[in-house]
Amino acid sequence: MKTTQYVARQPDENGFIHYPEAEHQVWNTLITRQLKVIEGRACQEYLDGIDQLGLPHDRIPQLDEINRVLQSSTGWRVARVPALIPFQTFFELLASQQFPVATFIRTPEELDYLQEPDIFHEIFGHCPLLTNPWFAEFTHTYGKLGLAASKEERVFLARLYWMTIEFGLLDTSQGLRIYGGGILSSPKETVYSLSDTPEHQSFDPLEAMRTPYRIDILQPLYFVLPELKRLFELAHQDIMALVREAMRLGLHAPKFPPRQAA
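Conventions used here
Residues numbered from 1 in each chain as written. Predicted model: local features only at pLDDT ≥ 70, side-chain atom pairs only at ≥ 80, totals over all residues. Heavy atoms only, no water. UniProt positions renumbered as here; feature names shortened; annotations may be inferred. Helix = DSSP H or I, 4+ residues; strand = E, 2+ residues; numbered from the N terminus. Rg over C-alpha atoms; globule rule 2.2 N^0.38 Å. Buried < 20%, exposed > 50% of the residue type's maximum accessible area, 1.4 Å probe, protein only. Contact = heavy atoms within 4.5 Å. Areas by Shrake-Rupley, 256 points an atom, 1.4 Å probe, with all protein chains shown as cover. Salt bridge = Lys/Arg side-chain N within 4 Å of Asp/Glu carboxyl O. Phe/Tyr/Trp six-rings, centres within 6.5 Å; stacked < 30°, edge-to-face > 60°. Pairing = 2+ DSSP bridges. Axes fitted to C-alpha atoms, helices over the stretch in contact; angles between N-to-C directions. Expected span 1.5 Å × (residues − 1). Parallel < 35°, antiparallel > 145°, perpendicular 65-115°, else oblique. Left-handed = near helix turned anticlockwise from the far one by under 90°. Nonpolar A, V, L, I, M, F, W, Y, C, P; charged D, E, K, R; others polar.

Looking at an unreviewed UniProt entry, one finds the chain named Phenylalanine-4-hydroxylase, with Pseudomonas triclosanedens as its source organism. For the chain, the Pathway (unreviewed entry) comment in UniProt is given as "Amino-acid degradation; L-phenylalanine degradation; acetoacetate and fumarate from L-phenylalanine: step 1/6."

**Details of the overall build of the chain**
Within the chain, the secondary structure is distributed over 12 helices and 6 strands. Relative to a compact globule of 262 residues, whose C-alpha radius of gyration would be 18 Å, the chain shows 18 Å and is just as compact. Scored against the burial criterion, the 262 residues of the chain give a buried share of 52%. Of the contacts formed within the chain by residues at least 6 apart in sequence, a portion of 67% connects residues at least 24 apart. A total of about 12,200 Å² of accessible surface is found on the chain, and carbon and sulfur atoms cover 51% of it.

**Section: the pattern of salt bridges**
Scanning the model with the defined rule gives 9 salt bridges in all. Notably, a salt bridge pairs Arg106 with Asp118, separated by 2.8 Å at the nearest N-O pair. Taken as a pair, Arg106 in the loop between β2 (98-102) and α5 (119-126) and Asp118 in the loop between β2 and α5 lie far apart in primary sequence, 12 residues in all. As far as the burial class goes, Arg106 and Asp118 line up, both buried. Residues Lys255 and Glu199 are paired through a salt bridge, measuring 3.1 Å at the closest nitrogen-oxygen approach. Taken together, the positions of Lys255 in the segment after α12 (239-249) and Glu199 in strand β5 (residues 199-202) put the pair 56 residues apart, joining distant regions of the chain. Using a relative accessible area of 33% as the deciding quantity, one classes Glu199 as partly exposed. Taken together, the shared-partner salt bridges connect Arg214, Asp216 and Arg259 into one network.

**Regarding the packing of aromatic side chains**
What the rule picks out here adds up to 14 aromatic pairs. For the pair Tyr46 and Phe124, a centre-to-centre distance of 6.0 Å together with 70° between the ring planes defines the contact as edge-to-face. Placement of Tyr46 in helix α2 (residues 44-53) and of Phe124 in helix α5 is noted, with a sequence separation of 78 residues between them. Tyr46 sits in the buried class, given a relative accessible area of 0%. Aromatic side chains Phe120 and Phe124 sit 4.9 Å apart centroid to centroid with 10° between the ring planes, which places their arrangement in the stacked category. Taken as a pair, Phe120 and Phe124 lie in helix α5 at a separation of 4 residues, close to a single helical turn.

**Points about the sheet that holds β5**
The strands that make up a sheet are held in pairs by hydrogen bonds between backbone atoms, and each pair lies either parallel or antiparallel. Judged by pairing direction, the sheet is mixed, and its 4 strands sit side by side in the order β4-β3-β6-β5 without closing on themselves. The open sheet is flanked by β4 (175-178) and β5, the only strands paired with a single partner. Between one strand and the next, the sheet's axes are offset by a mean angle of 40°, whatever the strand orientation.

**Observations concerning helix α6 (residues 133-148)**
For α6, with 16 residues, the first-to-last C-alpha span of 23 Å sits near the 22 Å given by 1.5 Å per residue. Among the residues of α6, Phe135, Ala136, Phe138, Thr139, His140, Thr141, Tyr142, Gly143 and Gly146 are the ones counted as buried. If you follow the buried residues of α6, they end up packed against α4 (87-95), α5, α7 (151-166), α11 (229-235) and α12.

**Things to note about the packing of α4 against α7**
Axes are the key here: two packed helices are described by the angle between their axes and the distance separating the axes. The N-to-C vectors of α4 and α7 enclose an angle of 60°; their axes lie 13 Å apart at closest approach. One way to sum up the angle between α4 and α7 is to call them oblique. Seen from above, α4 lies across α7 with left-handed handedness. On the side of α4, the interface is formed by Phe87, Gln88, Phe90, Phe91 and Leu94, while α7 contributes Arg154, Ala158 and Tyr161. Residues of the contact of α4 with α7, tallied by class, amount to 6 nonpolar, 1 polar and 1 charged.

In structure tokens, the structure reads:
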């Protein structure tokens with residue numbers, strides 16, 4: 001596992017996490033900025049989830065606040081985790097309808113981008129759509145499949161997750177809209193993903209699994225779902241048969257330069 005400078009904050013004996021005021025200010029900066037950026041860019045299902053969650057702007061929310069909404073809508077919960085967790089733990093949580101949330105927030109120096117998923121990315125980026133039954137069903141199925149998959153199969157499943165849950169787009173009557181949490185928590189990628197610069201490709205799960213990606217750059221390619229319900233339909237397909245076919249066919253050539261050695 002990679003290492004990180006961040007340390008998740010622990011709750012007190014009542015389950016309450018105390019954050020310093022400076023970290024509440026970072027949350028306020030992130031959420032007020034990003035709510036403006038996603039106007040006219042986020043998909044309606046995500047915006048509906050934002051309305052349901054009613055996230056505070058002046059402070060970092062407590063996980064119990066998020067759980068009350070998720071449990072009443074789809075039966076999901078969020079689970080407090082360290083800054084980084086193993087694949088095994090990640091799949092175990094998703095398989096039990098728990099979404100991992102690391103209880104730390106980025107520093108002001110890494111306001112625009114950090115490689116580790118912090119509490120803003122997880123709660124603002126992903127939790128709104130966990131109120132949606134189609135998205136929740138796909139995420140649950142994904143966790144169960146990952147739990148049973150081999151190490152090699154998990155790598156292909158990871159690409160499917162990246163191209164959908166993290167960086168997926170949606171085709172709507174109003175034009176392209178965003179549902180991927182990795183985009184929706186990033187002001188730069190929110191604008192960039194809908195521009196003419198990257199490639200937009202109709203979603204095909206087999207193609208998504210065969211497409212290499214880098215986590216430290218703006219994505220050169222985004223897969224576009226015809227509607228969010230397509231994820232629910234995919235959850236009821238034989239995804240592991242697609243994984244085995246992707247493994248047989250191999251990866252496409254990367255659409256990005258190799259990472260420079262440090």
